[in-house]
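Letter by letter, the chains look like this.
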2 protein chains.
Amino acid sequence: MTAGSAPKWRRLEPDERREQIFVCAAELFGERPYAAVSTADIAARAGVARGLINHYFGTKRELYLAVVRRTLTLPPSAVTTLPDGSLTERTDAAVDWFLDMVSKQQKTWLAAITPEGIGRDEEVEHILDEADREAAGLVLEAMGFDRGDERWEQLIAIVRTYAGMVKAASREWLDRETLNRRQVHTVLSHVLRTLVADVIPRARTQSE
Amino acid sequence: MTAGSAPKWRRLEPDERREQIFVCAAELFGERPYAAVSTADIAARAGVARGLINHYFGTKRELYLAVVRRTLTLPPSAVTTLPDGSLTERTDAAVDWFLDMVSKQQKTWLAAITPEGIGRDEEVEHILDEADREAAGLVLEAMGFDRGDERWEQLIAIVRTYAGMVKAASREWLDRETLNRRQVHTVLSHVLRTLVADVIPRARTQSE
DNA sequence: GCCGCTTGTTGGCGAAGTGTCAAGAGGCGC
DNA sequence: GCGCCTCTTGACACTTCGCCAACAAGCGGC
């Protein structure tokens, strides 16, 4: 027995502690819906007093929003290298890149895109909006469009529409397993090609 | 002053009271996220004691699920009459019919398809699943497919993928107002046509 | 018209969850 | 070894939820 007085708890740098709590919260919010996760649960998993959560994040809801924000904001590993080449080559590459990314973070991704039953949450929606807009911009650039385009907002809207399909397709593939990767690839790249080649040119003429 | 002893409250038929509470709950759950609606709020709006909610629905959550179930289960006004004719005519008609329906129940529809930030809710997902499957079946039949098809499940999956796009497009149109009805129509019918004509035949050959 | 019974409805209690805050203790610096 | 800064705890006040025994609305019998 080393007579030492083992400290009851260890003192951490604020950033460190904050991150630790954040990670535990992210796990739990990924497993159960918001209302089914208590701050006591989070504190317990982090091995920390419940009050500390409020100290670092203010409110359970604020903590939740922080988790949502980080989870949905896609890592900037994004743009990287999409090849030049024919339209088909580029759409194929884009879809492939995306499916790779999704299959890596499978669990997180699925938890993040799962639709809720009913009841709108303004703040969450806003975060999702921004994330989608960002992703849509990257896709458009990869397809050879220019951010300066006069109808940029409209292009974004169309791609965001497509994003809805991408999310649904991901669920069919990873969650329900009703489609395999190749089938999902076929559907998504076909549709993306149709959008770029046929729909976008046509939509431009229908602004009013 | 009629000396009468005005009763403090009126006694209703169970079905009647149940419905009244249900309607108030549906309104509130449509306005705010689940956790931001208290049973006291619902009881207040219904002009009823809070305990009565538990008497009729057991739990706040059960009441919520009941609301979700009814809201997401589309009215059977669905099938009705989709014309024969060329593929283009049929896809156009299907998309038109759908956009009409959506624009009528705008508010409810938007509240129902709004995505949540993170955190999966098994039961809600299951309800959504069933609703989507039902809708997908109708679309497929309208497109001339047969429920007896050997790959019916796979077809359902593809159309459910498309449903994700439909929902996203509805938000762009009704909520963000970044696309007008004609543009949404163009996008959706184009894609639906592509799916039926090109993708589905191809996907069948990629089952493994 | 009064009374009694059925049952829809209320109101309060106990448990659980959340935010606040003053007091306590880890551990670096002198 | 001592003191101090501040990270961390634990308890308190308040809100919300599910439960249940008691209450009373109002129909039917006499």
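Before going into details, it helps to say that this report is about the structure given with it.

So, how was this worked out
- Per chain, residues are indexed from 1 in the order of the written sequence.
- Chains and ligands are labelled by the order in which they are written, letters from A for the one and numbers from 1 for the other.
- Reporting of local features is limited, given that this is a predicted model, to residues whose pLDDT is at least 70; pairs of side-chain atoms are given and counted only at 80 or more, and all residues count toward the totals for whole chains, interfaces and linings.
- As a rule here, side-chain values cover all heavy atoms of the structure and leave hydrogens and water aside.
- The helix count covers DSSP runs of H or I at least four residues long, the strand count covers runs of E at least two residues long, and both are numbered beginning at the N terminus.
- We compute the radius of gyration over the C-alpha atoms and compare it with the globule rule, which gives 2.2 Å times the number of residues raised to the power 0.38.
- Contacts were defined at the residue level, with two residues in contact if any of their heavy atoms lie within 4.5 Å.
- In short, buried area is how much 1.4 Å probe accessible area vanishes from two parts on joining, totalled over both.
- Only one rule defines a salt bridge in this text: a Lys or Arg side-chain nitrogen within 4 Å of an Asp or Glu carboxyl oxygen.
- Polar contacts, as counted here, are pairs of nitrogen or oxygen atoms within 3.5 Å of one another; within protein the pair requires one atom able to donate a hydrogen and one able to accept it, and residues that are adjacent in sequence qualify only if both atoms are side-chain atoms.
- For this scheme, ten residues count as nonpolar: Ala, Val, Leu, Ile, Met, Phe, Trp, Tyr, Cys and Pro. Four count as charged, namely Asp, Glu, Lys and Arg, and the remainder, Gly too, count as polar.
- Here, proximity means that at least one heavy atom of the residue falls within 4 Å of the molecule or strand.
- Each copy is superposed on the other by least squares, with the fit set by C-alpha atoms of residues at a pLDDT of at least 70 in both.
- Fitting a line to C-alpha atoms yields each axis, with helices limited to the stretch in contact; the angle taken between N-to-C directions then spans 0 to 180 degrees.
- Any angle from 65 to 115 degrees is called roughly perpendicular, while one under 35 is roughly parallel, one over 145 is roughly antiparallel, and all others are oblique.
- The sense of a crossing depends on the near helix, which, turned anticlockwise from the far helix by less than a right angle, makes the crossing left-handed and, turned clockwise, makes it right-handed.
- Centres within 6.5 Å make a pair out of two Phe, Tyr or Trp rings, where for Trp the six-membered ring is used; the pair is then stacked when the planes are under 30 degrees apart, edge-to-face when over 60, and tilted otherwise.
- Partly exposed residues are those whose accessible area sits between 20% and 50% of the maximum for their type, while under 20% is buried and over 50% is exposed, using a 1.4 Å probe and protein chains only.
- One less than the number of residues in a helix, times 1.5 Å, gives the span that helix is expected to have.

Moving on: the overall build of chain A. When you go through chain A residue by residue, the secondary structure sums to nine helices and zero strands. Moving toward the C terminus, one meets the helices and strands of chain A in the order α-α-α-α-α-α-α-α-α. Relative to the compact-globule value of 17 Å for 208 residues, chain A shows a C-alpha radius of gyration of 21 Å, a clear excess of over 25%. Its C-alpha atoms put chain A at 75 × 40 × 30 Å along the principal axes.

Before going further, it helps to spend a moment on the interface of chain B and chain A. At the interface, 58 residues of chain B touch 58 residues of chain A. Carbon and sulfur atoms supply 59% of the area buried between chain B and chain A, which totals about 5300 Å² over both sides. Of all residues in chain B, the largest losses of buried area upon contact with chain A belong to Ile118, Arg120 and Thr161 of chain B, amounting jointly to 15% of the total for that side. Where chain B meets chain A, there are six salt bridges. The residue Arg176 of chain A makes a salt bridge to Asp129 of chain B at a minimum N-O spacing of 2.3 Å. Across the contact surface, chain B and chain A share eight residue pairs in polar contact (both at pLDDT 80 or more). When residues of the side of chain B that touches chain A are traced back to their parent elements, those giving at least two are helix 1 (14-31), helix 4 (60-72), helix 6 (106-113), helix 7 (122-142), helix 8 (152-175) and helix 9 (181-204) of chain B. Classifying every residue of the side of chain B that touches chain A by side-chain character gives 27 nonpolar, 16 polar and 15 charged.

What follows is about the protein's contact with DNA strand D. Taken together, 26 residues form the shell around DNA strand D, and within it Arg17 and Tyr56 of chain A together with Arg11, Thr39 and Arg50 of chain B come nearest. One of the side-chain N or O atoms of Arg17 of chain A is found 2.8 Å from a phosphate oxygen in DNA strand D. Here a phosphate oxygen of DNA strand D sits 2.7 Å away from a polar atom, N or O, in the side chain of Thr39 of chain B. Elements with a contribution of two residues or more to the surface near DNA strand D: helix 1 (14-31) and helix 3 (50-57) of chain A together with helix 2 (39-46) and helix 3 (50-57) of chain B. No other element matches helix 3 of chain A, which puts four residues into the surface near DNA strand D. Here the surface near DNA strand D is composed, by residue class, of eleven nonpolar, seven polar and eight charged.

Of all residues adjacent to DNA strand C, which total 25 residues, the nearest are Arg11, Thr39 and Arg50 of chain A together with Arg17 and Tyr56 of chain B. Each atom of DNA strand C within 4 Å of the protein was assigned to sugar, phosphate or base; sugar and phosphate come to 64%. Here a phosphate oxygen of DNA strand C and a backbone polar atom of Thr39 of chain A are 2.7 Å apart. Side-chain polar atom of Tyr56 of chain B to a phosphate oxygen of DNA strand C: 2.7 Å apart, as the coordinates give it. Listed by contribution, the elements that provide at least two residues to the surface near DNA strand C are helix 3 of chain A together with helix 1 and helix 3 of chain B. Examining the composition of the surface near DNA strand C, we find that four residues originate from one element, helix 3 of chain B, more than from any other. A breakdown of the residues in the surface near DNA strand C according to their chemical character gives ten nonpolar, seven polar and eight charged.

Let us now look at the relation of the copies chain B and chain A. Least-squares fitting of chain B to chain A yields an RMSD of 0.2 Å, with the superposition described by an axial translation of 0.0 Å and a rotation of 180°. Both chain copies can therefore be described as sitting about a two-fold axis. With an isologous cut-off of 70% or more, the 100% of interface residues of chain B that recur at the interface of chain A puts this contact in the isologous class.

As a further point, take the packing of helix 8 of chain B against helix 9 of chain B. Residues and elements named next belong to chain B. As a packed pair, helix 8 and helix 9 sit with axes 11 Å apart at the nearest point and diverge in direction by 165°. One element, helix 8, and the other, helix 9, form an angle in the roughly antiparallel class. Helix 9 is crossed by helix 8, and the crossing has right-handed handedness. Here helix 8 contributes Gln154, Leu155, Ile158, Tyr162, Met165, Val166, Ala169 and Trp173 to the contact with helix 9, which in turn contributes Arg181, Val184, Val187, Leu188, Ser189, Val191, Leu192, Leu195, Ile200, Ala203 and Arg204.

The next subject is the packing of aromatic side chains. All names here are of chain A. Counted by the stated rule, this structure contains eight aromatic pairs over all chains. Between Tyr34 and Tyr64, the ring centres sit 5.0 Å apart and the planes meet at 65°, which makes this aromatic pair edge-to-face. Here Tyr34 is found in the loop between helix 1 and helix 2 (39-46), whereas its partner Tyr64 is found in helix 4 (residues 60-72), with 30 residues between them in sequence. For Tyr64, a relative accessible area of 5% gives the class buried. Among the aromatic residues, those joined into a cluster by ring pairs are Phe29, Tyr34 and Tyr64.

Take the environment of Ala44 of chain B next. Residue and element names in this part refer to chain B. Inspection of the secondary structure assignment puts Ala44 in helix 2. On the basis of relative accessible area, Ala44 is assigned to the exposed category, the value being 57%. Along the chain, Ala44 and Glu89 lie 45 residues apart, while their C-alpha atoms are 50 Å from each other.

Turning to helix 1 of chain A, a few remarks are in order. The end-to-end C-alpha separation of helix 1 of chain A is 26 Å, in line with the 26 Å expected for 18 residues at 1.5 Å each. In this structure, the buried side of helix 1 of chain A is in contact with helix 2, helix 3, helix 4 and helix 6 (106-113) of chain A.

In this fold, Pro33 of chain A is placed in the loop between helix 1 and helix 2. With relative accessibility at 18%, the residue Pro33 of chain A sits in the buried group. Between the C-alpha atoms of Pro33 of chain A and Leu65 of chain A, which are 32 residues apart in sequence, the distance is 13 Å. Each residue touching Pro33 of chain A, except ones within four places of it in the same chain, is listed here: Arg120 and Asp121 of chain B.

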